[in-house]
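# Working through the structure, step by step
Chain by chain, the residues run as shown.
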Amino acid sequence: TNTHIAVQGGNEKTTFYTSVSYKYAQGTTPRNTFERLSLLAKASHHITKNVILEASFDFANSTPRNAQKNIGEGFADGTFPREYDVNKYKTLYKGTHGGMASGTYGDLYRSVPGKGVWWDIYEDNYQQKETSVRPTLDLTYNILPWLTFKIGANYNYYYIRGEEKDLGSGYANEGGYYGLSSSTKEQTNAYISAIVNKQLNKDFEVHGFLRGEYFNQTAQYNSAGTSGGLVVPGQYFLTNSKN
């Protein structure tokens, strides 16, 4: 589904445009979804006849969950036999003890092929949150008919936060994993320029520009996760780590 609302308007001096969008999608494998909320606002204003101010603000927040699995690969690599009935076997992967069915414990579904594929889909969970922000500002000053002065700046901020929850597939859910990660990237750009377009006479003209720029970028990444499995199965916090 896609929902989009926009409002725009203006007069001789000012124009503006704003919009809000929401998207929701479901993948072809269970528990795979995607959501995104975005906002855009931009405006242009003639401060005077020769001075124009333009600004914009772009925001988006996305949440993908459980990346889509390629079930077809299971038939290509031999995980599933050709006559495998997905609808019949996709829920037959657990033992009575709660972990993955295994012949070691005499579980009923021990011989069902591809149990690990369905365990990953139904029992493990990965969610990511992505946020981006981008404001811009530009000022144009037509000093003379042949001389234009411009100054502007923009800022880009991108943030990703991930959370992984894996249920232990061993006996009584032995094992398991919990992890957190985050990354940020910030980029700042600014510029100032003068542009010349001068017709000296019918045979000779001059074009040129002088420009200075500032650019700065920083990036940061952090992650933490459990080691050696979870002390208490199915409880997702970092201090529940065995090691």
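We now turn to the structure provided with this report. (Residues numbered from 1 in each chain as written. Predicted model: local features only at pLDDT ≥ 70, side-chain atom pairs only at ≥ 80, totals over all residues. Heavy atoms only, no water.)

Turning our eyes to something else, we now look at the pattern of salt bridges. Using the criterion set out here, one finds 4 salt bridges in the structure. Glu 35 is paired through a salt bridge with Arg 65; the nearest N and O atoms lie 2.9 Å apart. Separated by 30 residues along the polypeptide, Glu 35 in strand S3 (residues 33-46) and Arg 65 in strand S4 (residues 51-65) bring together distant segments of the chain. Accessibility expressed as a relative area gives 22% for Glu 35, which makes it partly exposed. Residue classification places Arg 65 among the partly exposed residues on the basis of a relative accessible area of 24%. For the salt bridge of Lys 242 with Glu 174, the shortest nitrogen-to-oxygen distance reads 2.3 Å. With Lys 242 in the segment after strand S8 (205-225) and Glu 174 in the loop between strand S6 (147-166) and strand S7 (177-199), this residue pair connects regions lying 68 residues apart in the sequence. (Salt bridge = Lys/Arg side-chain N within 4 Å of Asp/Glu carboxyl O. Helix = DSSP H or I, 4+ residues; strand = E, 2+ residues; numbered from the N terminus. Buried < 20%, exposed > 50% of the residue type's maximum accessible area, 1.4 Å probe, protein only.)

Turning next to helix H3 (residues 115-123). For H3, the complete set of buried residues consists of Lys 115, Trp 118, Trp 119, Ile 121 and Glu 123. Tucked into the core, H3 has its buried residues touching helix H2 (86-89), strand S5 (125-144) and S6. (Contact = heavy atoms within 4.5 Å.)

On inspection of all chains with the given rule, the structure shows 10 aromatic pairs. Here the aromatic rings of Phe 80 and Tyr 84 are separated by 4.3 Å at their centres, their planes lie at 20 degrees, and the arrangement is stacked. The residues Phe 80 and Tyr 84 share a single accessibility class, namely buried. Residues Tyr 93 and Trp 119 carry aromatic rings whose centres are separated by 5.9 Å and whose planes lie at 85 degrees to one another, so their mutual orientation is edge-to-face. With a gap of 26 residues between them, Tyr 93 in the loop between H2 and H3 and Trp 119 in helix H3 connect regions that are remote in the sequence. The same class applies to Tyr 93 as to Trp 119, namely buried. One aromatic cluster is present, built from ring pairs that chain together Phe 75, Phe 80, Tyr 84, Tyr 89, Tyr 93, Trp 118, Trp 119 and Tyr 122. (Phe/Tyr/Trp six-rings, centres within 6.5 Å; stacked < 30°, edge-to-face > 60°.)

Our focus in this paragraph is the side chain of Glu 130. As for its placement among the helices and strands, Glu 130 is situated in strand S5. No salt bridge is formed by the buried Glu 130; the nearest opposite charge belongs to Arg 36, separated by 7.8 Å. (Lys, Arg positive; Asp, Glu negative; His and termini not counted.)

Looking now at the pairing of strand S1 (residues 2-10). Consecutive residues of a regular strand have side chains that alternate between opposite faces of the sheet. In the sheet, S1 pairs with strand S2 (residues 14-26) via 9 bridges, with the strands oriented antiparallel. What sits directly across from Thr 3, in S2, is Tyr 22. Linkage of S1 to S2, two consecutive antiparallel strands, is achieved through a turn of 3 residues. (Pairing = 2+ DSSP bridges.)

This brings us to the environment of Pro 145. For Pro 145, the position within the fold is in the loop between S5 and S6. On a C-alpha basis, the gap between Pro 145 and Thr 79 in space is 72 Å, while along the polypeptide they are 66 residues apart.

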